[in-house]
Structures are given as C-alpha cells and as structure tokens.
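Residue-level listing of the chains:
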Amino acid sequence: LVISDGKNCNVITLEATHMSAWHDQENLYLCWQTVKKKGAGGGLDRRSIDDYARHLKSNLQQLSRRLAGGKYTPAPGKRIDIPKSDGAARPISLATVEDKIVQHAVKQQIEPLFEKDFLDCSYAYRPGKGHRRAIHRLEHYLHQKRPWITTCDIDDFFDSINHEQLLEMLRAKISNPYFMELIRMWLKIGAFAGDRYIENKQGVPQGGVISPLLSNIYLHPFDVQMVQRKAAYVRFADDFIIAEKKQEIALEHYQFARHYLETELRLSINPPRQPVFHIQQGFTFLGIYFRGEQKHIDRKKVSKALDKVEVIFGKALKRPLHETVNMLNEAARSWKYHYGECHPGGLRTIQGRIFNKLAYWVRRQREEGRLPEHSYIKGNLHRLNLLVELNPAEKRSIFRQIQAGQRQVHWGDAGSPPSPKTRAAKGAPAKKTEGQKPPPKQAPAASDPATIKRKMAAKRQTFVRQFAAEYDLVLSGYGQFLGRDLQRLVVNHPDRKSKKYAASKIKHIIVMNRSVTISSAAVHLCAQHSIPIDYIDRSGKPFARLAAPESPAWRYGMYQLNALTSPAGLEIAVAIVEGKIRNQLNLMKYYCKSRKDDHKFLE
C-alpha cells in the first residue's frame, strides 16, 4: 500500500493475514483517509492530523494490533462550545484522530445492518438521502393537496438519548461483542472541558463520527409508528413535519407523536405556538420558508449566510485572493445545494454582498499599494462560483466594477424573501481476494460492565495525571533566552547549561526579567500548545500577555488583570491568603494529633 502526502511516498507492507478483518491496516488506512479529507481536528491527546500522519505506518500498525486483541480503549472527548444562532451554545465533544478512525471502521461494519431497515421517511445522515430529497418528499405531499401542517423539533435530542435503551436496540442487530463494548465506551467515556471532567450519563457525543448513525437507530421505532399510521411524515434528524388533508388528522398525528416520544423514547417536543396550521399561514422546514405555492430561503438562513461571508472576508486582506475565492466557492456549493431550487431572491442578496466585499478588497489593496496584477484578479473573478445565473454582459459589467473597486456594485435587484405575517411557528466493502480466505479471527470476548467501567476510569485517569503533571515555567534570570527544539522549549542561560522542556508538559510561562528574550519559533510552539506567556514586573504586577486566540485560559488572565484596578482584586487576594492560612492550620492540627507524645515536636 503506497501512502503519499503530496511530496513523499511511503510504502506500507500490510500484514498478510486476515486482510478482510475490519481492523486490518488497509481498512484503517481507508478510514484514516476519510478523517483526513474532512480536515478533522485533534482531540484531548493534542495530536493533529499532521501529527498522526508523521508516523502513519507505525500508528496504524499499533492501532490494528490493539483492536485485534480487544485492547483499545477510547479517550475522553475534548469539550468545546459552538455558538448557535439563538445565542445559546451547542456542546461539541471532539474525539481524538485515532478514535475517529476506529469509529469510521465500526460504522462501516454496522451501518448496513440497520440501513436496510431504515424507512424512506428518514433523510438525515444517510447515503443517497439528504436535505434536498427531504424537501422533494415534502413537496410531493403538498402537491397531493395536504394543506394542514405540523412542524416539530425534538428538544435537546442528541443529549437526551437514553444509553441503555439505545444499547438494547443495538444488541438486536450487532453480534460482535467487541463492537458493543466500544460503543458503550464511546457513549459513557465523557469529556474534559479544560481540566474539568464532565461525565456523560445520557446522550450521544455531538461531533462523534458514529453519533449520527446512533441517533437514527434510536428514532427508527418512531419512524415505524408514524408510517404505520399512514402519516405523510418526513424526518430530518430531530426535525420532522407532517402534512395532511384534514386539520383533525394532522392534530391526531401530532398528539400521538408527542405521546410516543415522551413515553417510549423519553424525549420531548419543543412546544410549538400552534400545533397545526394551514399552508397559507407559512412555515419553515430545513431552512426553507413555504407559503402556498412559494418557496424562499428563510430569513434566518440568509442572515447566517451573510455572517459567513463576513467571516470569510474578515482576514481577506492578509491572504491571497485565490484562497478567498476557494473559501467562497466551497460555501457557494453548499448554499446552491440546499437552496438552489428556491426563489433566487435570497441567493441574490448573498451574491450582492460577495460582490461588494470583493470590490472593497480591491479598493483597500490599491490604497495600501499591494494591488496584484489585473490578470490575476480577473482570473480569480472568473473562477468564482456564482449563486445565480448571469448573462455575459451583466457578468462583464459586474467584474469591471469590482476591479475598479467601486463602493457599491450595481446589478439586478437583489430581492429578498417576503416577510410572513404569521409563522407557526454508509463504508466500502472488504476487497475480494483470490483463493481461499483464511478463517476469520474470532472477535474478542466482551468485557463485563465492571471491566468496561475500570477501562474507562483508567483511561480517564491518564488524562487527569497529564493535567496534574503540567507545570509553570518561570524565566527570571538575566540574559535568559527561550528557544525551540522540535516539540521542546529550550532555556539558554549565559552562565549555565541549557535546559529542555517538553511543550506538552508546560501549561504557563512567566517572564519576570526584562532582559529575557523569546524567539518567534518558541512563541509559535507555545501558540500551538495553547501556552500563555505572562510578563510580570518587579513588583509582581502583570503588564503584558501573549496567548493564542483559542487558548481556554486567556479570559481568566484578563479577569485577573482587570481585578488589579478594582476593589474585587483586594478581596480575591485576601480570600486566597486566608485559605492558605486555614490549610496550614489544618495541616498542623493533623500533625499535632498524631504526635501528641512527641514533646520535642510540640515545642
């Protein structure tokens, strides 16, 4: 098997036995390619895609052996919060690169077992389905003169899935005990938010490779019930819609759905303002606003797309134009797929914002004397994936305005969706080999629940020890220099031997002497590992900090700096000192209690 990273090629000699096993190196390599293609980030072990790729051959060999022996234990997730459009935050659990590879391998094996039973009413996270087909199914029902609509979404669905109920559904189809053990651990391993462990008692980790499949498995019994009731029903993940010819039938379906989800699956529906409404009142499903015969992009989705454009152009002045165009094209492909069949008004609004932002980019580059050649700009404009069709003359006019840097690019009416008066609210099969296949290796026996719990506790403890082993690095000597040697920080002192520290073990650097110098390479390494660098003057007062934007601790540092100028700073300092004194008094009481007869000690 030849592995290439674009520059170098490496040949991996695959083990000749059991090539059809789900955990062999060839299959794991294919799963690795999927993880790499998606650009997945690292997890709690701090190993990125590039880090894992540096020793890909040995990493996959070791992973294959551990899986074959049933000795692989997942790591806890890395908890981050993603802002939602309503101002709330969605908790995401980032698995390690290795966990994502294993989840892909397991998903390949179990997905066909369930996919053959899934119903056509379910469209999310399934091969050959998707957003557009869900909309087509809904339109099919609407064309059957079903004007009475109920739209529902399941409240906090992914975080509310009952583990034991889900595992019972899985056991009905999965005969491999090791798969069941792995899935149980993925569900219950929990996550770390910084150095704080968060236990996972229910729900599937959002961000997990196998989580979407598990969510569809959990809701499959509900799909069966709705189809047996002959409801015109479409579900996409935790959103579903019912369309019926009579209002009372739609209401009966809604009441049954709410009761079944609550009593059988322990889920609840977000209460709608109006359970059933007429299509002429208008409704939104999967980001598309329907009203009568019309179909527009929902205003919230247009606003979200405009925010995306602003994010893309946020640092556009510091990057080449072709990189910005690549980012715009990627976003445009998604917008056209989801909303290309809607009224073009929403897409024209987004396209107009892109044109004006490109013209602004040209204008600023000219003002700063960094405007690239005319042919470079023109070539990239012609590469732009347009959201709406333009005739050649209109396209030439718009591109001339952009290249001239006009403040407002003039073209056809952008339009916008109407303001509604009322709103109701699978993997690759194993390769065939010639000749007789060796007998498949027997799957490792499943561990009992107590053993699984010990495994997870042991894995969790490794990260607890890791956080405890991290330390602060203080630079206070005259003329000290902080440099970098691969993944280590090197402290050079004029009169002493240099010392090296693993960057993964350092959580904080404090500089207490103005003669200390730090190389750019060292700063870059600190940023990679989210190590903040604080500068402290002789009086102990912090006056500057270097920190990566994604560092989870920078806010606390700013709170501490701000506390210096407020009465709260003195209160915090007093509380810390009093706490230290109480700890020492309690320690002395403990020593005195155990050494009552030791008069010399008491003296």
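In this text, all values refer to a predicted model and were calculated from it rather than measured experimentally.

Chemist: Give a description of the nonpolar core that names residues and reports values.
Modeler: L170, I183 and F240 are the most contacted members of the largest nonpolar core, which totals 63 residues. Broken down by element, the residue count for this core peaks at eight residues, all from helix α7 (residues 177-188). Every residue in contact with L170, bar those within four places of it in the chain, is listed here: F114, M180, I183, L214 and I217. Counting 57 residues, the second largest nonpolar core, distinct from the first, contains F283, A305, L358 and I402.

Chemist: Residue-level account of the environment of A88, with values.
Modeler: Tracing the backbone through its elements, the reader meets A88 in the loop between β3 (77-83) and β4 (89-94). Dropping the residues within four chain positions of it, A88 is found in contact with I82 and P83.

Chemist: Before we move on, can you summarise the side chain of R184 with the specific residues and values?
Modeler: As for its position among the elements, R184 is in helix α7. Classification of R184 by relative accessible area gives buried; the value is 17%. The contact partners of R184, leaving out residues within four places of it in the chain, are E164, L167, R171 and I452.

Chemist: Just give me the short version of the packing of helix α10 (residues 299-313) against helix α11 (residues 321-339), but keep the residues and values in it.
Modeler: Two elements in contact, α10 and α11, have axes whose closest approach is 10 Å; the angle formed by their N-to-C orientations is 170 degrees. When the axes of α10 and α11 are compared, the pair comes out roughly antiparallel. Contact residues: K301, A305, K308, V309, I312 and F313 in α10; T324, M327, L328, A331, W335 and Y339 in α11. Of the residues in the contact of α10 with α11, the class split is nine nonpolar, one polar and two charged.

Chemist: Give me the lowdown on the sheet that holds β3, citing residues and values where you can.
Modeler: If you trace the four strands from one edge of the open sheet to the other, you get β4-β3-β6-β7, paired in mixed fashion. Both outer strands of the open sheet, β4 and β7 (196-198), are each paired with one neighbouring strand and no more. Pairwise comparison of adjacent strand axes, ignoring direction, gives a mean angle of 40 degrees for this sheet. Across three bridges, the pairing between strand β6 (residues 191-193) and β7 is antiparallel. When the sheet's bridge partners are listed, A193 is paired in β7 with R196.

Chemist: Can you lay out a nonpolar patch on the surface for me, pointing to particular residues and giving the numbers?
Modeler: Where nonpolar side chains cluster on the molecular surface, the patch consists of V577, I581 and L585 and spans about 270 Å² of accessible area. Relative to the assigned elements, L585 resides in helix α18 (residues 567-594). Classification of L585 as partly exposed rests on a relative accessible area of 49%.

The rules behind these values
Residues numbered from 1 in each chain as written. Predicted model: local features only at pLDDT ≥ 70, side-chain atom pairs only at ≥ 80, totals over all residues. Heavy atoms only, no water. Core = buried A, V, L, I, M, F, W, Y, C linked by side-chain atoms within 4.5 Å. Buried < 20%, exposed > 50% of the residue type's maximum accessible area, 1.4 Å probe, protein only. Helix = DSSP H or I, 4+ residues; strand = E, 2+ residues; numbered from the N terminus. Contact = heavy atoms within 4.5 Å. Axes fitted to C-alpha atoms, helices over the stretch in contact; angles between N-to-C directions. Parallel < 35°, antiparallel > 145°, perpendicular 65-115°, else oblique. Nonpolar A, V, L, I, M, F, W, Y, C, P; charged D, E, K, R; others polar. Pairing = 2+ DSSP bridges. Patch = residues over 30% accessible without salt bridge, like charges linked within 9 Å, V, L, I, M, F, W, Y side chains within 5 Å. Areas by Shrake-Rupley, 256 points an atom, 1.4 Å probe, with all protein chains shown as cover. Salt bridge = Lys/Arg side-chain N within 4 Å of Asp/Glu carboxyl O.

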